[in-house]
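# Fold and geometry: a report
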Amino acid sequence: MAEEKKVDPEKQNEEIIDQQSVTNAENNKKDETLKDKGKDKKTVFNKSRIVSKKYEEKIADLENRLNELNDNYLRLFSEFDNYRKRTNRERLDLLKSASEETIIGLLPVLDDFERAIAAVEKNGITGIDADGIKLIYNKLLNILKKKGLEPLQAEGEVFNTDFHEALTTVPAPDDDMKGKVIEEVEKGYLLNGKVIRFARVIVGQ
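Quantities reported herein were computed from a predicted structural model and do not represent experimental measurements.

A few words now on the packing of aromatic side chains. With the rule as written, the count across this model stands at 2 aromatic pairs. A ring pair is formed by phenylalanine 113 and tyrosine 137, whose centres lie 6.3 Å apart and whose planes are at 45°; its orientation type is tilted. Here tyrosine 137 lies in helix α3 (residues 128-146) and phenylalanine 113 lies in helix α2 (residues 100-122), a separation of 24 residues in the sequence. Both residues of the pair, phenylalanine 113 and tyrosine 137, count as buried.

Rendered as structure tokens:
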């Protein structure tokens, strides 16, 4: 019959103590590892917040710069649009009045033609010469009308200093003609709506 092994109680206690020590050490190590991981997570989180704040500041700065550039663009666009409209308007005005001096220089020629036609009609002259004078006058007048020339209507109209220049006043033949143009001495003209020569008239009073 085999002999039973005797267990030394002290040795058994030592082994239990050693196992508990190992277990405690392992648990402590795990706790330290968990603490380190927690610290690492906290550090990463703090770093992430710092980076996020920097990006937010950068985005805000970029948005401010974008708004500033947009404002500058809109201001420049508005100024350019105003400049374009102004230059277009000035160009149109220049085109309208470019021939003003030339047309003003031709007005005495029209006056001479009108006097010649009046003399022809007064003296009862007919024929090719009379017709030729009228033809040339009408041709010249039509060309100038296409450039914007327009004769002013004066005789019988109420005297208006915006269009008429009074040479003298005479007693009106009747009450209806008081303050009105009785006779037109020299015809006035408009060029594209602008007076280039006032009508020289005699006014009734």
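Attention now moves to the pattern of salt bridges. Pairing of side chains with opposite charge becomes possible as their charged atoms draw close. Within this structure, the stated rule accounts for 9 salt bridges. The partner of arginine 84 in a salt bridge is aspartate 81, and the shortest N-O contact between them spans 2.5 Å. Here aspartate 81 and arginine 84 lie together in helix α1 (residues 9-97), a separation of 3 residues that amounts to about one turn. The exposure class of arginine 84 is partly exposed, given its relative accessible area of 37%.

Empty space within the largest pocket amounts to approximately 190 Å³. Residue lining of the largest pocket: Asp111, Glu114, Arg115, Ala118, Glu184, Val185, Glu186 and Lys187, and that is the complete set. Those elements that place two or more of their residues in the lining of the largest pocket are α2 and β3 (181-186). At 4 residues, α2 tops the list of elements feeding residues into the lining of the largest pocket.

Once that is clear, we can look at the packing of α2 against α3. In contact at an axis separation of 10 Å, α2 and α3 are set at 150° when each is read in the N-to-C sense. In terms of axis orientation, α2 runs roughly antiparallel to α3. Handedness of the crossing formed by α2 with α3: left-handed. Of α3, the residues touching α2 (which contributes Ile103, Leu106, Val109, Leu110, Phe113, Glu114, Ala116, Ile117, Val120 and Glu121) are Ala130, Ile133, Lys134, Ile136, Tyr137, Leu140, Leu141 and Leu144. Its residues placed into classes, the contact of α2 with α3 shows 15 nonpolar, no polar and 3 charged.

The next subject is unusual backbone geometry. You will see that asparagine 192, though not glycine, has its phi angle at about 55°, which is positive. If you trace the backbone, asparagine 192 turns up in the loop between β4 (189-191) and β5 (194-197). For asparagine 192, a relative accessible area of 38% corresponds to the partly exposed category.

Turning our eyes to something else, we now look at the side chain of arginine 197. Within the secondary structure layout, arginine 197 lies in strand β5. At 2.7 Å, the side chain of arginine 197 forms a polar contact with the backbone oxygen of lysine 187. Excluding residues that lie within four positions of it along the chain, arginine 197 makes contacts with Leu107, Asp111, Leu152, Glu186, Lys187, Gly188 and Tyr189.

This part takes up the sheet that holds strand β6 (residues 199-204). Reading across from one edge, β2-β6-β3 is the order of the 3 strands in this open sheet, with mixed pairing throughout. At either margin of the open sheet sits one strand with a lone partner, and together these are β2 (164-170) and β3. Geometrically, the sheet is characterised by an average inter-axis angle of 30° between neighbouring strands, direction not taken into account.

What counts, and at which threshold
Every chain is numbered on its own, with residues counted from 1 as its sequence reads. With the structure being a predicted model, the display of local features is reserved for residues of pLDDT at least 70 and the display and counting of side-chain atom pairs for 80 or more, all residues being used for whole-chain, interface and lining totals. As a convention, hydrogens and water are excluded, and side-chain values are obtained from all of the structure's heavy atoms. Two aromatic rings, drawn from Phe, Tyr or Trp (for Trp, its six-membered ring), form a pair once their centres lie within 6.5 Å of each other, and the interplanar angle then sorts them: stacked below 30 degrees, edge-to-face above 60, tilted otherwise. Secondary structure elements are defined from DSSP: runs of H or I of at least 4 residues count as helices, runs of E of at least 2 residues count as strands, and each element is numbered from the N terminus. A 1.4 Å probe rolled over the protein chains alone gives each residue an accessible area, and that area as a share of the maximum for its type sets the label: buried under 20%, exposed over 50%, partly exposed in between. Only one rule defines a salt bridge in this text: a Lys or Arg side-chain nitrogen within 4 Å of an Asp or Glu carboxyl oxygen. Cavities and pockets are found on a 1 Å grid laid over the protein atoms alone: a cavity is a set of points where a 1.4 Å probe fits but cannot escape, a pocket is an open set with protein on both sides within 12 Å along at least five of seven lines, and a lining residue has an atom within 4 Å of such a point. Grid points are joined across faces, edges and corners, and a volume is the space filled by probe spheres set on the points. Each axis is a line fitted through C-alpha atoms, taken for helices only over the stretch in contact, and angles between the N-to-C directions span 0 to 180 degrees. In what follows, roughly perpendicular refers to angles from 65 to 115 degrees, roughly parallel to angles under 35, roughly antiparallel to angles over 145, and oblique to any angle outside these ranges. Left-handed describes a crossing whose near helix is turned anticlockwise from the far helix by less than a right angle; the clockwise case is right-handed. By definition, residues are in contact when any of their heavy atoms lie within 4.5 Å. Charged means Asp, Glu, Lys or Arg here, nonpolar means Ala, Val, Leu, Ile, Met, Phe, Trp, Tyr, Cys or Pro, and polar covers whatever is left, Gly included. Identification of polar contacts relies on pairs of N or O atoms within 3.5 Å, with a donor-acceptor requirement for protein atoms, meaning one able to donate a hydrogen and the other able to accept it, and with residues adjacent in sequence counted only if both atoms are side-chain atoms. Only strands joined by at least two bridges in the DSSP assignment are considered to pair.

It is worth stressing that arrangement in space is one thing and function is another; only the former is reported here.
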